[in-house]
Amino acid sequence: MGTKIKSMSIYSICHFIVDFVSCIFALGVAPAFCYDANGEFLYDIYIAEIIMYNFFAFAFQVPMGFIMDKLKLYKYVGIIGFCLIGICYVLGFGNAIVLSSIVGIGNGLFHLEGGVNAFENSKGKAFLNGVFVAPGAMGIFLGTFFYEQLAATYLPIILILVAMFLLIFVQRDKIDYIEEEHKNIAKAGMLFKAHDILTIALLIGASIIVRSIGGGAIKYDWKPKDSLLIGIIYTTCVILGKAFGGMIGDKLGLKKTAIISLGAACISLILGFNIPFFGYFGIFLFNVPMAITLILLEKCNVKYLATMVGSNTLFLFIGYLICLNPLTLNNYAVLIISIILAILSIWFAFKIFDKKENKDEKNS
(Lines give C-alpha, C1' and ligand atoms only; values in the text may rest on other atoms or scores of the structure.)
Protein backbone atom coordinates (compact mmCIF):
# COMPACT_ATOMS: atom_id res chain seq x y z
CA MET A 1 0.00 0.00 0.00
CA GLY A 2 2.84 2.40 0.86
CA THR A 3 4.44 1.83 -2.55
CA LYS A 4 1.13 2.48 -4.28
CA ILE A 5 0.58 5.74 -2.37
CA LYS A 6 4.13 6.90 -3.13
CA SER A 7 3.80 6.02 -6.80
CA MET A 8 0.42 7.70 -7.37
CA SER A 9 1.41 10.76 -5.32
CA ILE A 10 4.47 11.27 -7.51
CA TYR A 11 2.57 10.71 -10.75
CA SER A 12 -0.18 13.09 -9.65
CA ILE A 13 2.31 15.83 -8.70
CA CYS A 14 4.16 15.34 -11.98
CA HIS A 15 0.88 15.49 -13.90
CA PHE A 16 0.26 18.93 -12.46
CA ILE A 17 3.81 19.96 -13.37
CA VAL A 18 3.76 18.65 -16.94
CA ASP A 19 0.50 20.43 -17.83
CA PHE A 20 1.58 23.58 -15.98
CA VAL A 21 4.95 23.95 -17.75
CA SER A 22 3.52 22.86 -21.12
CA CYS A 23 0.84 25.56 -20.95
CA ILE A 24 3.41 28.19 -20.04
CA PHE A 25 5.54 27.15 -23.00
CA ALA A 26 2.76 27.00 -25.60
CA LEU A 27 1.13 30.26 -24.48
CA GLY A 28 4.07 32.26 -23.15
CA VAL A 29 7.38 31.02 -24.58
CA ALA A 30 6.59 29.82 -28.11
CA PRO A 31 4.90 33.11 -29.13
CA ALA A 32 8.33 34.77 -28.84
CA PHE A 33 9.24 32.82 -31.99
CA CYS A 34 6.13 33.99 -33.87
CA TYR A 35 7.60 37.23 -35.24
CA ASP A 36 8.84 37.82 -38.75
CA ALA A 37 12.03 39.67 -39.76
CA ASN A 38 10.20 42.99 -39.54
CA GLY A 39 9.09 42.38 -35.96
CA GLU A 40 5.46 41.75 -36.91
CA PHE A 41 3.61 39.17 -34.84
CA LEU A 42 2.41 36.27 -37.02
CA TYR A 43 -0.97 35.39 -35.52
CA ASP A 44 -1.52 32.47 -37.92
CA ILE A 45 1.74 30.89 -36.77
CA TYR A 46 0.68 31.38 -33.15
CA ILE A 47 -2.64 29.61 -33.74
CA ALA A 48 -0.85 26.83 -35.65
CA GLU A 49 1.62 26.20 -32.82
CA ILE A 50 -1.20 25.98 -30.29
CA ILE A 51 -3.10 23.47 -32.44
CA MET A 52 0.04 21.42 -33.13
CA TYR A 53 0.90 21.36 -29.43
CA ASN A 54 -2.55 19.97 -28.67
CA PHE A 55 -2.33 17.49 -31.55
CA PHE A 56 0.94 15.99 -30.34
CA ALA A 57 -0.02 16.16 -26.64
CA PHE A 58 -3.38 14.46 -27.20
CA ALA A 59 -4.02 12.81 -30.58
CA PHE A 60 -0.44 11.60 -31.08
CA GLN A 61 -0.65 9.55 -27.90
CA VAL A 62 -2.34 6.79 -29.91
CA PRO A 63 0.63 5.90 -32.18
CA MET A 64 3.10 6.49 -29.33
CA GLY A 65 1.03 4.24 -27.06
CA PHE A 66 0.86 1.56 -29.76
CA ILE A 67 4.66 1.55 -30.05
CA MET A 68 4.99 1.32 -26.27
CA ASP A 69 2.59 -1.65 -26.19
CA LYS A 70 4.38 -3.43 -29.01
CA LEU A 71 7.78 -2.99 -27.36
CA LYS A 72 6.41 -3.43 -23.82
CA LEU A 73 8.22 -0.18 -23.08
CA TYR A 74 6.66 1.53 -20.07
CA LYS A 75 9.81 2.58 -18.20
CA TYR A 76 11.54 6.01 -18.31
CA VAL A 77 9.02 7.22 -20.89
CA GLY A 78 7.84 10.07 -18.65
CA ILE A 79 11.40 11.17 -17.89
CA ILE A 80 12.15 11.26 -21.61
CA GLY A 81 9.02 13.37 -22.05
CA PHE A 82 10.18 15.91 -19.47
CA CYS A 83 13.63 15.96 -21.11
CA LEU A 84 12.04 16.96 -24.42
CA ILE A 85 10.08 19.76 -22.73
CA GLY A 86 13.17 20.96 -20.88
CA ILE A 87 15.27 21.05 -24.06
CA CYS A 88 12.68 23.29 -25.72
CA TYR A 89 12.79 25.65 -22.73
CA VAL A 90 16.56 26.10 -22.81
CA LEU A 91 16.78 26.65 -26.57
CA GLY A 92 16.99 30.34 -27.38
CA PHE A 93 16.02 29.83 -31.00
CA GLY A 94 13.77 27.70 -33.17
CA ASN A 95 10.49 27.41 -34.97
CA ALA A 96 7.44 27.96 -32.76
CA ILE A 97 5.45 25.15 -34.38
CA VAL A 98 8.29 22.63 -34.16
CA LEU A 99 9.11 23.50 -30.55
CA SER A 100 5.48 23.33 -29.42
CA SER A 101 5.10 20.00 -31.22
CA ILE A 102 8.09 18.60 -29.32
CA VAL A 103 6.67 19.88 -26.03
CA GLY A 104 3.38 18.20 -26.95
CA ILE A 105 5.18 14.90 -27.58
CA GLY A 106 6.90 15.20 -24.21
CA ASN A 107 3.59 15.91 -22.51
CA GLY A 108 1.98 12.91 -24.20
CA LEU A 109 4.80 10.55 -23.25
CA PHE A 110 4.40 11.40 -19.58
CA HIS A 111 0.62 10.90 -19.76
CA LEU A 112 1.10 7.45 -21.30
CA GLU A 113 3.50 6.25 -18.61
CA GLY A 114 1.33 7.70 -15.86
CA GLY A 115 -1.86 6.21 -17.31
CA VAL A 116 -0.37 2.73 -17.58
CA ASN A 117 0.94 2.88 -14.00
CA ALA A 118 -2.37 4.22 -12.66
CA PHE A 119 -4.09 1.16 -14.14
CA GLU A 120 -1.38 -1.14 -12.75
CA ASN A 121 -1.60 0.36 -9.25
CA SER A 122 -5.41 0.30 -9.22
CA LYS A 123 -5.57 -3.35 -10.33
CA GLY A 124 -8.22 -2.48 -12.88
CA LYS A 125 -10.29 -0.18 -10.66
CA ALA A 126 -11.33 3.32 -11.69
CA PHE A 127 -10.33 5.35 -8.62
CA LEU A 128 -6.59 5.79 -9.19
CA ASN A 129 -7.15 6.68 -12.84
CA GLY A 130 -9.09 9.71 -11.64
CA VAL A 131 -6.53 10.53 -8.95
CA PHE A 132 -3.78 10.57 -11.58
CA VAL A 133 -5.67 12.62 -14.17
CA ALA A 134 -7.27 15.21 -11.85
CA PRO A 135 -4.26 17.46 -10.98
CA GLY A 136 -3.69 18.20 -14.65
CA ALA A 137 -6.77 20.44 -14.60
CA MET A 138 -5.15 22.74 -12.04
CA GLY A 139 -1.90 22.72 -13.98
CA ILE A 140 -3.72 23.85 -17.11
CA PHE A 141 -5.69 26.53 -15.25
CA LEU A 142 -2.70 28.03 -13.42
CA GLY A 143 -0.47 27.75 -16.48
CA THR A 144 -3.08 29.57 -18.56
CA PHE A 145 -3.57 32.20 -15.86
CA PHE A 146 0.10 32.96 -15.11
CA TYR A 147 1.92 32.21 -18.38
CA GLU A 148 2.75 35.88 -19.02
CA GLN A 149 4.39 36.33 -15.62
CA LEU A 150 6.24 32.98 -15.62
CA ALA A 151 7.35 32.54 -19.24
CA ALA A 152 10.65 34.39 -18.69
CA THR A 153 11.42 32.89 -15.26
CA TYR A 154 13.39 29.79 -14.22
CA LEU A 155 10.41 28.26 -12.40
CA PRO A 156 9.31 25.96 -15.28
CA ILE A 157 12.84 24.57 -15.68
CA ILE A 158 13.15 24.01 -11.92
CA LEU A 159 9.81 22.17 -11.88
CA ILE A 160 10.87 20.03 -14.84
CA LEU A 161 14.04 18.99 -12.98
CA VAL A 162 12.00 18.25 -9.83
CA ALA A 163 9.59 16.06 -11.84
CA MET A 164 12.43 14.13 -13.49
CA PHE A 165 14.00 13.52 -10.08
CA LEU A 166 10.71 12.30 -8.60
CA LEU A 167 9.98 9.98 -11.51
CA ILE A 168 13.24 8.11 -10.91
CA PHE A 169 11.67 6.59 -7.77
CA VAL A 170 8.60 5.10 -9.50
CA GLN A 171 10.14 3.29 -12.47
CA ARG A 172 9.05 -0.36 -12.65
CA ASP A 173 11.03 -3.26 -14.05
CA LYS A 174 7.81 -5.26 -14.44
CA ILE A 175 4.14 -4.37 -14.79
CA ASP A 176 2.87 -7.44 -12.89
CA TYR A 177 -0.90 -6.93 -12.95
CA ILE A 178 -1.00 -5.98 -16.64
CA GLU A 179 1.20 -8.94 -17.57
CA GLU A 180 -1.10 -11.24 -15.62
CA GLU A 181 -4.08 -9.80 -17.45
CA HIS A 182 -2.27 -10.50 -20.75
CA LYS A 183 -1.96 -14.16 -19.73
CA ASN A 184 -5.62 -14.35 -18.79
CA ILE A 185 -6.61 -12.86 -22.13
CA ALA A 186 -4.44 -15.37 -23.96
CA LYS A 187 -6.05 -18.25 -22.06
CA ALA A 188 -9.51 -16.93 -22.87
CA GLY A 189 -8.66 -16.56 -26.53
CA MET A 190 -8.95 -12.73 -26.43
CA LEU A 191 -11.74 -11.59 -24.17
CA PHE A 192 -12.94 -8.82 -26.48
CA LYS A 193 -12.81 -9.20 -30.24
CA ALA A 194 -11.63 -6.38 -32.48
CA HIS A 195 -15.15 -5.30 -33.45
CA ASP A 196 -16.22 -5.19 -29.79
CA ILE A 197 -13.20 -3.05 -28.89
CA LEU A 198 -13.80 -0.71 -31.82
CA THR A 199 -17.50 -0.31 -31.03
CA ILE A 200 -16.90 0.38 -27.34
CA ALA A 201 -14.07 2.82 -28.17
CA LEU A 202 -16.24 4.72 -30.66
CA LEU A 203 -19.15 4.93 -28.22
CA ILE A 204 -16.93 6.12 -25.38
CA GLY A 205 -15.22 8.46 -27.84
CA ALA A 206 -18.59 9.90 -28.83
CA SER A 207 -19.42 10.51 -25.17
CA ILE A 208 -16.09 12.31 -24.64
CA ILE A 209 -16.54 14.47 -27.74
CA VAL A 210 -20.10 15.55 -26.95
CA ARG A 211 -19.13 16.25 -23.34
CA SER A 212 -16.36 18.51 -24.66
CA ILE A 213 -18.94 20.32 -26.77
CA GLY A 214 -21.26 20.57 -23.77
CA GLY A 215 -18.42 21.89 -21.65
CA GLY A 216 -17.86 24.61 -24.23
CA ALA A 217 -21.46 25.73 -23.71
CA ILE A 218 -20.91 26.33 -19.99
CA LYS A 219 -20.36 30.09 -20.07
CA TYR A 220 -21.31 31.66 -16.77
CA ASP A 221 -21.50 35.44 -16.41
CA TRP A 222 -20.54 35.15 -12.74
CA LYS A 223 -17.26 33.41 -13.68
CA PRO A 224 -14.99 36.11 -15.17
CA LYS A 225 -11.77 34.88 -16.78
CA ASP A 226 -9.63 37.28 -14.74
CA SER A 227 -10.82 36.06 -11.32
CA LEU A 228 -8.14 33.84 -9.77
CA LEU A 229 -10.23 32.88 -6.71
CA ILE A 230 -13.32 31.85 -8.67
CA GLY A 231 -11.14 30.04 -11.19
CA ILE A 232 -9.40 28.05 -8.45
CA ILE A 233 -12.69 27.11 -6.78
CA TYR A 234 -14.23 26.10 -10.12
CA THR A 235 -11.14 24.09 -11.14
CA THR A 236 -11.06 22.42 -7.71
CA CYS A 237 -14.61 21.18 -8.35
CA VAL A 238 -13.40 19.78 -11.68
CA ILE A 239 -10.50 18.05 -9.89
CA LEU A 240 -12.74 16.57 -7.20
CA GLY A 241 -15.13 15.23 -9.82
CA LYS A 242 -12.33 13.55 -11.74
CA ALA A 243 -10.60 12.26 -8.59
CA PHE A 244 -13.61 10.86 -6.74
CA GLY A 245 -15.74 9.81 -9.71
CA GLY A 246 -13.77 6.61 -10.03
CA MET A 247 -14.04 5.84 -6.31
CA ILE A 248 -17.81 6.40 -6.35
CA GLY A 249 -18.09 4.22 -9.45
CA ASP A 250 -16.05 1.42 -7.86
CA LYS A 251 -18.39 1.46 -4.85
CA LEU A 252 -21.80 1.97 -6.49
CA GLY A 253 -21.24 0.63 -10.00
CA LEU A 254 -19.53 2.28 -12.93
CA LYS A 255 -22.46 2.51 -15.34
CA LYS A 256 -24.93 3.69 -12.73
CA THR A 257 -22.54 6.34 -11.40
CA ALA A 258 -21.72 7.72 -14.86
CA ILE A 259 -25.32 7.97 -16.02
CA ILE A 260 -26.80 9.36 -12.80
CA SER A 261 -24.00 11.91 -12.38
CA LEU A 262 -24.47 13.20 -15.93
CA GLY A 263 -28.25 13.45 -15.51
CA ALA A 264 -27.84 15.38 -12.27
CA ALA A 265 -25.08 17.49 -13.83
CA CYS A 266 -27.44 18.57 -16.62
CA ILE A 267 -29.95 19.99 -14.14
CA SER A 268 -27.31 21.54 -11.90
CA LEU A 269 -25.38 23.17 -14.74
CA ILE A 270 -28.52 24.77 -16.15
CA LEU A 271 -29.43 26.14 -12.71
CA GLY A 272 -25.82 27.29 -12.47
CA PHE A 273 -26.36 29.98 -15.11
CA ASN A 274 -28.17 31.94 -12.38
CA ILE A 275 -27.02 30.33 -9.12
CA PRO A 276 -23.23 29.84 -8.74
CA PHE A 277 -23.54 27.03 -6.18
CA PHE A 278 -25.27 24.80 -8.73
CA GLY A 279 -22.61 25.70 -11.28
CA TYR A 280 -19.87 24.48 -8.96
CA PHE A 281 -21.82 21.34 -8.03
CA GLY A 282 -22.75 20.72 -11.64
CA ILE A 283 -19.18 20.88 -12.91
CA PHE A 284 -18.18 18.42 -10.17
CA LEU A 285 -20.86 15.98 -11.38
CA PHE A 286 -20.01 16.64 -15.02
CA ASN A 287 -16.46 15.36 -14.45
CA VAL A 288 -17.40 12.25 -12.46
CA PRO A 289 -17.61 9.98 -15.57
CA MET A 290 -14.04 10.80 -16.70
CA ALA A 291 -12.29 8.03 -14.77
CA ILE A 292 -15.15 5.65 -15.53
CA THR A 293 -15.01 6.04 -19.31
CA LEU A 294 -11.21 5.79 -19.21
CA ILE A 295 -11.24 2.53 -17.25
CA LEU A 296 -13.82 1.08 -19.65
CA LEU A 297 -11.56 1.88 -22.60
CA GLU A 298 -8.61 0.28 -20.84
CA LYS A 299 -10.41 -2.87 -19.67
CA CYS A 300 -11.79 -3.73 -23.09
CA ASN A 301 -8.24 -3.97 -24.47
CA VAL A 302 -5.68 -4.46 -21.71
CA LYS A 303 -3.28 -6.02 -24.19
CA TYR A 304 -2.84 -2.58 -25.77
CA LEU A 305 -3.26 -0.52 -22.63
CA ALA A 306 -1.14 2.50 -23.59
CA THR A 307 -2.95 2.67 -26.94
CA MET A 308 -6.30 2.83 -25.14
CA VAL A 309 -4.98 5.50 -22.76
CA GLY A 310 -4.01 7.48 -25.84
CA SER A 311 -7.38 6.95 -27.53
CA ASN A 312 -9.02 8.75 -24.62
CA THR A 313 -6.99 11.88 -25.32
CA LEU A 314 -7.48 11.51 -29.08
CA PHE A 315 -11.21 12.00 -28.53
CA LEU A 316 -10.48 14.99 -26.30
CA PHE A 317 -8.49 16.52 -29.17
CA ILE A 318 -11.40 16.01 -31.58
CA GLY A 319 -13.69 17.76 -29.10
CA TYR A 320 -11.13 20.55 -28.77
CA LEU A 321 -11.07 21.07 -32.55
CA ILE A 322 -14.86 21.24 -32.71
CA CYS A 323 -14.94 23.79 -29.89
CA LEU A 324 -12.49 26.07 -31.73
CA ASN A 325 -15.50 27.27 -33.71
CA PRO A 326 -17.72 29.38 -31.43
CA LEU A 327 -21.14 27.83 -30.93
CA THR A 328 -23.95 29.92 -32.32
CA LEU A 329 -26.70 27.72 -30.90
CA ASN A 330 -28.45 28.26 -27.57
CA ASN A 331 -26.10 27.25 -24.73
CA TYR A 332 -28.91 25.56 -22.82
CA ALA A 333 -29.85 23.42 -25.82
CA VAL A 334 -26.25 22.48 -26.59
CA LEU A 335 -25.65 21.48 -22.98
CA ILE A 336 -28.81 19.37 -22.70
CA ILE A 337 -28.38 17.62 -26.04
CA SER A 338 -24.69 16.89 -25.46
CA ILE A 339 -25.34 15.35 -22.04
CA ILE A 340 -28.23 13.23 -23.36
CA LEU A 341 -26.00 11.95 -26.18
CA ALA A 342 -23.19 11.25 -23.68
CA ILE A 343 -25.56 9.25 -21.47
CA LEU A 344 -26.78 7.19 -24.41
CA SER A 345 -23.24 6.54 -25.66
CA ILE A 346 -22.03 5.40 -22.24
CA TRP A 347 -25.12 3.22 -21.71
CA PHE A 348 -24.65 1.40 -25.02
CA ALA A 349 -20.90 1.01 -24.41
CA PHE A 350 -21.54 -0.64 -21.04
CA LYS A 351 -24.25 -2.82 -22.56
CA ILE A 352 -21.75 -4.26 -25.03
CA PHE A 353 -19.00 -4.51 -22.42
CA ASP A 354 -21.17 -6.25 -19.80
CA LYS A 355 -22.75 -8.63 -22.31
CA LYS A 356 -19.40 -9.69 -23.75
CA GLU A 357 -17.69 -9.96 -20.35
CA ASN A 358 -20.52 -12.04 -18.85
CA LYS A 359 -20.62 -14.30 -21.91
CA ASP A 360 -16.88 -15.01 -21.70
CA GLU A 361 -17.12 -15.69 -17.94
CA LYS A 362 -19.83 -18.30 -18.58
CA ASN A 363 -17.77 -19.95 -21.31
CA SER A 364 -14.57 -20.02 -19.26
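Residues numbered from 1 in each chain as written. Predicted model: local features only at pLDDT ≥ 70, side-chain atom pairs only at ≥ 80, totals over all residues. Heavy atoms only, no water.

A. Inspection of the overall build of the protein at higher detail. Scanning the protein from terminus to terminus reveals 16 helices and zero strands. Relative to the 2.2 N^0.38 estimate, which gives 21 Å for 364 residues, the radius of gyration of the protein is 20 Å and therefore close to what a compact globule would have. Taken over the C-alpha atoms alone, the protein extends approximately 70 × 50 × 35 Å along its principal axes. Counting every position in the protein, which comprises 364 residues, the buried fraction comes to 52%. Taking contacts inside the protein between residues at least 6 apart in sequence as the whole, the part at least 24 apart equals 84%. When the accessible surface of the protein is totalled, it reaches about 16600 Å², and 70% of it is carbon and sulfur. Charged side chains in the protein number 27 positive and 23 negative. The centres of these two groups are separated by 11 Å. (Helix = DSSP H or I, 4+ residues; strand = E, 2+ residues; numbered from the N terminus. Rg over C-alpha atoms; globule rule 2.2 N^0.38 Å. Buried < 20%, exposed > 50% of the residue type's maximum accessible area, 1.4 Å probe, protein only. Contact = heavy atoms within 4.5 Å. Areas by Shrake-Rupley, 256 points an atom, 1.4 Å probe, with all protein chains shown as cover. Lys, Arg positive; Asp, Glu negative; His and termini not counted. Charge placed at Lys NZ, Arg CZ, Asp CG, Glu CD.)

B. Local environment of the environment of alanine 32. Locating alanine 32 in the fold gives a position in the loop between helix 1 (2-29) and helix 2 (43-59). Assessed through its relative accessible area of 53%, alanine 32 is described here as exposed. Separated by 119 residues in the primary sequence, alanine 32 and alanine 151 place their C-alpha atoms 9.9 Å from one another.

C. Molecular detail of the side chain of glutamine 61. Inspection of the secondary structure puts glutamine 61 in helix 3 (residues 61-71). Of note is the side chain of glutamine 61, whose polar atom sits 3.5 Å from the side chain of threonine 313. (Polar contact = N/O pair within 3.5 Å; in protein donor to acceptor, adjacent residues only side chain to side chain.)

D. The arrangement of the confidence of the model for the protein in detail. With 93% of its residues at a pLDDT of at least 70, the protein reaches an overall mean of 90. When the elements of the protein are averaged for pLDDT, helix 9 (residues 176-188) gives the smallest value, 63, and helix 8 (residues 155-167) the largest, 97. (pLDDT = per-residue confidence, 0-100.)

E. The nonpolar core, seen in detail. Counting 94 residues, the largest nonpolar core has Phe82, Leu167 and Leu269 as the members making the most contacts within it. The element that contributes the greatest number of residues to this core is helix 1, accounting for twelve residues. With residues near it in sequence (within four places) discarded, leucine 269 still touches Ile218, Tyr220, Phe278, Gly279, Gly282, Ile283, Phe286, Leu335 and Ile339. Counting 17 residues, the second largest nonpolar core, distinct from the first, contains Leu109, Phe119, Ile295 and Ala306. (Core = buried A, V, L, I, M, F, W, Y, C linked by side-chain atoms within 4.5 Å.)

F. Representation of helix 4 (residues 77-90) within the structure. Compared with the 20 Å implied by 1.5 Å per residue over 14 residues, the 20 Å span of helix 4 between its first and last C-alpha is a close match. Listed in full, the buried residues belonging to helix 4 are Val77, Gly78, Ile79, Gly81, Phe82, Ile85, Gly86, Cys88 and Tyr89. Summarising the contacts, the buried residues of helix 4 are in contact with helix 1, helix 3, helix 5 (96-122) and helix 8. (Expected span 1.5 Å × (residues − 1).)

G. Structural detail: helix 8. The first and last C-alpha atoms of helix 8 sit 18 Å apart over 13 residues, in line with the 18 Å expected at 1.5 Å per residue. Along helix 8, the positions that sit buried rather than exposed are Pro156, Leu159, Ile160, Ala163, Met164 and Leu167. Summarising the axial view, the buried residues of helix 8 lie within an arc of 140°, below the 170-degree limit, and thus occupy one face. (Arc of directions from axis to C-beta.)

H. Geometry of the side chain of asparagine 121. Tracing the sequence through the fold places asparagine 121 in helix 5. Ignoring anything within four residues of it in the chain, the contact list for asparagine 121 reads Lys4, Ser7, Met8, Leu128 and Arg172.

I. View of unusual backbone geometry. Phi is positive for lysine 72, close to 55°, though the residue is something other than glycine. Residue placement: lysine 72 occurs in the loop between helix 3 and helix 4. Its identity as a non-glycine residue notwithstanding, tyrosine 76 has a phi of 65°, on the positive side. Within the element layout of this structure, tyrosine 76 appears in the loop between helix 3 and helix 4. A residue is classified by how much of its surface remains accessible, and tyrosine 76, at 42% relative accessible area, is partly exposed.

J. Region of interest: the packing of helix 1 against helix 2. Running from N to C, helix 1 and helix 2 point in directions that differ by 160°, and their axes come no closer than 9 Å. Considering the angle they form, helix 1 stands roughly antiparallel to helix 2. Regarding helix 1 and helix 2, the two cross each other, and that crossing is right-handed. Contacts between helix 1 and helix 2 involve Ser22, Ala26 and Leu27 from the first element and Tyr46, Glu49, Ile50 and Tyr53 from the second. (Axes fitted to C-alpha atoms, helices over the stretch in contact; angles between N-to-C directions. Parallel < 35°, antiparallel > 145°, perpendicular 65-115°, else oblique. Left-handed = near helix turned anticlockwise from the far one by under 90°.)

K. Representation of the environment of tyrosine 89 within the structure. Structurally, the position occupied by tyrosine 89 is in helix 4. By relative accessible area, which is 11% here, tyrosine 89 ends up buried. The spatial distance from the C-alpha of tyrosine 89 to the C-alpha of histidine 111 is 19 Å, given a sequence separation of 22 residues. Here phenylalanine 25 takes part through its backbone nitrogen, which lies 3.2 Å from a polar atom of the side chain of tyrosine 89.

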